[in-house]
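Survey of secondary and tertiary structure
Given next are the chains, with one letter for each unit.
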Amino acid sequence: MTAGGEEEARVEGYWDIDRLVAELGAVRSRWRAAQRHHAEYGAEGFPSRANIAKIMLSLCGALFPLRLGPSFVRLHNEDAFVAETLQTVLSRLYGQIRLELIYAMKDASAEAIDAQAARIIGGFAQSLPGLRELLDSDVEAAFLGDPAARSVDEVLICYPSMLAIIHHRLAHRLHDLGAPLVARIVSEIAHSKTGIDIHPGAKIGRSFFVDHGTGVVIGETAIVGDRVRLYQGVTLGARSFPADEKGALEKALPRHPIVEDDVVIYAGATILGRIIVGSRSVIGGNVWLTDSVPADSHVRQARAQYEITSRVEVSAPHRVHALTEADGQGFADNI
């Protein structure tokens, strides 16, 4: 046996692999028995995050072929590319949805699962033209709302918020149609790429714009109206989490804000609970808001108290005194 082989044999002697496998199997069995009412996904398969990421990339290309599609797409072959892409990507998405339904409908027949998956993918496919029109309004809102944007193409290609919004629009449709796990995977793919966390259950109106975007959080039951603009670090979150008699958190209760039309929320603002931010309101940066505000409100932080002092004196007082006490040298004039 080689020296390397001797070392491998010696290291393996530190554990009993059969015992480890048996004990891990017992732990899994206890967990599944205890959690049977919301058992693990994956008994028959599991939607693949890697595969769904590829599907979303292709869907982005099908929705915006000349800007987000491959480089060979031109006006003359645009429709052919979209047709071929959708034929492939919708079939693959159907497979991911079916994997989710095998778990969610564990007592149903294969025929019932196939029928439900077909309903979901059919409804999703039919909604794509409307989603493209909705996304066009988001692109235009970003272009009109950001003086740094030089074209709508720049917005679509460069802005991370557009990537997050495209994923959210697709995820929200899947969520509404009955594929919440696949929808959540879609939203988390965008979250990991952009730092913008939008739950697929959140309802967001037309012409939505997130400027910069990093750190934005929008919770599951949030409702956002038309022409709303958010800046980085904004949270539309929950203030409390009710629990049932066993201490488990109650799910899907309305617990996130309602933001009406034409609202602007500046960087770092935190808005919590099932409150209403009235139309045309402006919420200032770093505001902490837990109460509803009427339409046309302007909410700002309390004015900070501060004192302006000499930067030099604060940073090096001994040098300031030495220079100002010097006779006839004129050093103080040059500080």
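Refer to the structure printed above.
So, here's what we can say about the structure. One numbering rule holds for all chains: residues counted from 1, following each sequence as written. Local features in a predicted model are, by the rule used here, given only for residues with pLDDT of at least 70; side-chain atom pairs are given and counted only at 80 or more, and totals for whole chains, interfaces and linings are based on all residues. Note that the side-chain values use all heavy atoms of the structure and ignore hydrogens as well as water.

Each aromatic ring pair is described using two quantities: the centre-to-centre distance and the angle formed by the ring planes. Aromatic rings from Phe, Tyr and Trp, taking only the six-membered ring of Trp, are treated as a pair when their centres fall within 6.5 Å; an angle between ring planes under 30 degrees marks them as stacked, one over 60 as edge-to-face, and anything in between as tilted. By the definition in use, this model includes two aromatic pairs. Here the aromatic rings of Phe72 and Phe81 are separated by 6.0 Å at their centres, their planes lie at 80 degrees, and the arrangement is edge-to-face. For Phe81, a relative accessible area of 11% puts it in the buried group. Here Tyr231 and Tyr266 contribute two aromatic rings whose centre-to-centre distance is 4.9 Å and whose plane-to-plane angle is 15 degrees, an arrangement assigned as stacked. For every residue, the accessible area obtained with a 1.4 Å probe (protein chains only) is divided by the maximum for its type, and the residue is called buried under 20%, exposed over 50%, and partly exposed between those limits.

As a further point, take a nonpolar patch on the surface. On the surface, Tyr14, Trp15, Ile17, Leu20 and Val21 cluster together into a nonpolar patch covering about 580 Å² of accessible area. Within the secondary structure layout, Val21 lies in helix α2 (residues 17-34). Note on patches: the residues involved have over 30% relative accessible area and no salt bridge, like charges join within 9 Å, and the nonpolar side chains Val, Leu, Ile, Met, Phe, Trp and Tyr join within 5 Å. Residue-level accessible areas treat just the shown protein chains as cover; the underlying method is Shrake-Rupley with a 1.4 Å probe. Salt bridge, as applied in this entry: a Lys or Arg side-chain nitrogen positioned within 4 Å of an Asp or Glu carboxyl oxygen. Helix and strand labels come from DSSP, where a helix needs a run of H or I of at least four residues and a strand needs a run of E of at least two; each type is numbered from the N terminus.

Locating Thr290 in the fold gives a position in the loop between β13 (288-289) and β14 (298-299). We classify Thr290 as buried; its relative accessible area is 16%. The criterion used for residue contact is that any of the two residues' heavy atoms lie within 4.5 Å. Not counting the four nearest positions on each side in its chain, Thr290 is found in contact with Arg239, Leu272 and Ile275.

Another point: helix α5 (residues 78-104). One less than the residue count of a helix, multiplied by 1.5 Å, gives the span that helix is expected to have. Counted at 1.5 Å a residue, the expected span for α5 with its 27 residues is 39 Å, and the 38 Å between its end C-alpha atoms agrees. All buried positions along α5 are accounted for by Phe81, Val82, Thr85, Val89, Leu90, Leu93, Gln96, Ile97, Glu100, Leu101, Ile102 and Tyr103. Buried residues along α5 sit against α3 (49-63), α4 (65-68), α6 (110-145), α8 (160-177) and α9 (180-194).

Looking now at the sheet that holds β13. Any two strands with at least two DSSP bridges between them are considered paired. Strand order across the open sheet formed by five strands is β1-β4-β7-β10-β13, with parallel pairing between neighbours. Of all the strands in the sheet, the pair left with one neighbour each is β1 (197-198) and β13. Sheet topology places β1 next to strand β4 (residues 217-218); two bridges connect them, and they run parallel. Within β4, the position partnered with Ile198 by the bridge is Ile218.

Next up on the list: the environment of Arg132. If you trace the backbone, Arg132 turns up in helix α6. For the pair Arg132 and Ala62, spaced 70 residues apart in the sequence, the C-alpha separation amounts to 9.8 Å. Not counting residues up to four positions away in its chain, the partners in contact with Arg132 are Leu63 and Phe64. For Arg132, the side chain forms a polar contact with the main-chain oxygen of Leu63, separated by 2.6 Å. Polar contact is defined as a pair of N or O atoms within 3.5 Å, subject to the rule that within protein one atom must be able to donate a hydrogen and the other to accept it, and that residues adjacent in sequence are counted only when both atoms are side-chain atoms.

Both site types are read off a 1 Å grid over the protein atoms alone. A 1.4 Å probe that fits but cannot get out defines a cavity, while an open set with protein on both sides within 12 Å along at least five of seven lines defines a pocket; lining residues have an atom within 4 Å of a point. Grid points are joined across faces, edges and corners, and a volume is the space filled by probe spheres set on the points. Taken as a whole and judged by the stated rule, the model has one cavity of 30 Å³ or more. In this model, the largest cavity occupies a volume close to 30 Å³. Lining the largest cavity, in full, are Ala164, His167, His168, Ser187, Ala190, Ile196 and Ile198. Elements supplying a minimum of two residues to the lining of the largest cavity: α8 and α9. Polarity classes work like this: nonpolar for Ala, Val, Leu, Ile, Met, Phe, Trp, Tyr, Cys and Pro, charged for Asp, Glu, Lys and Arg, and polar for all others, with Gly in that last group. Looking at the lining of the largest cavity residue by residue, the classes come out as four nonpolar, three polar and no charged.

Turning our eyes to something else, we now look at the packing of α5 against α6. Think of each axis as a best-fit line through the C-alpha atoms, taken over the contacting stretch in the case of a helix, with angles from 0 to 180 degrees between the N-to-C directions. With their axes 9 Å apart at the nearest point, α5 and α6 run at an angle of 135 degrees to one another. Relative to α6, α5 is oriented oblique. Handedness of the α5/α6 crossing: right-handed. On the side of α5, the interface is formed by Leu86, Leu90, Leu93, Tyr94, Ile97, Arg98, Leu101 and Ile102, while α6 contributes Ala110, Ile113, Asp114, Gln116, Ala117, Ala118, Ile120, Ile121, Phe124, Ala125 and Leu128. Working definition: roughly parallel below 35 degrees, roughly antiparallel above 145 degrees, roughly perpendicular at 65 to 115 degrees, and oblique for all remaining angles. Definitions for this section: a left-handed crossing has its near helix turned counterclockwise from the far helix by less than a right angle. A right-handed crossing has that turn clockwise.

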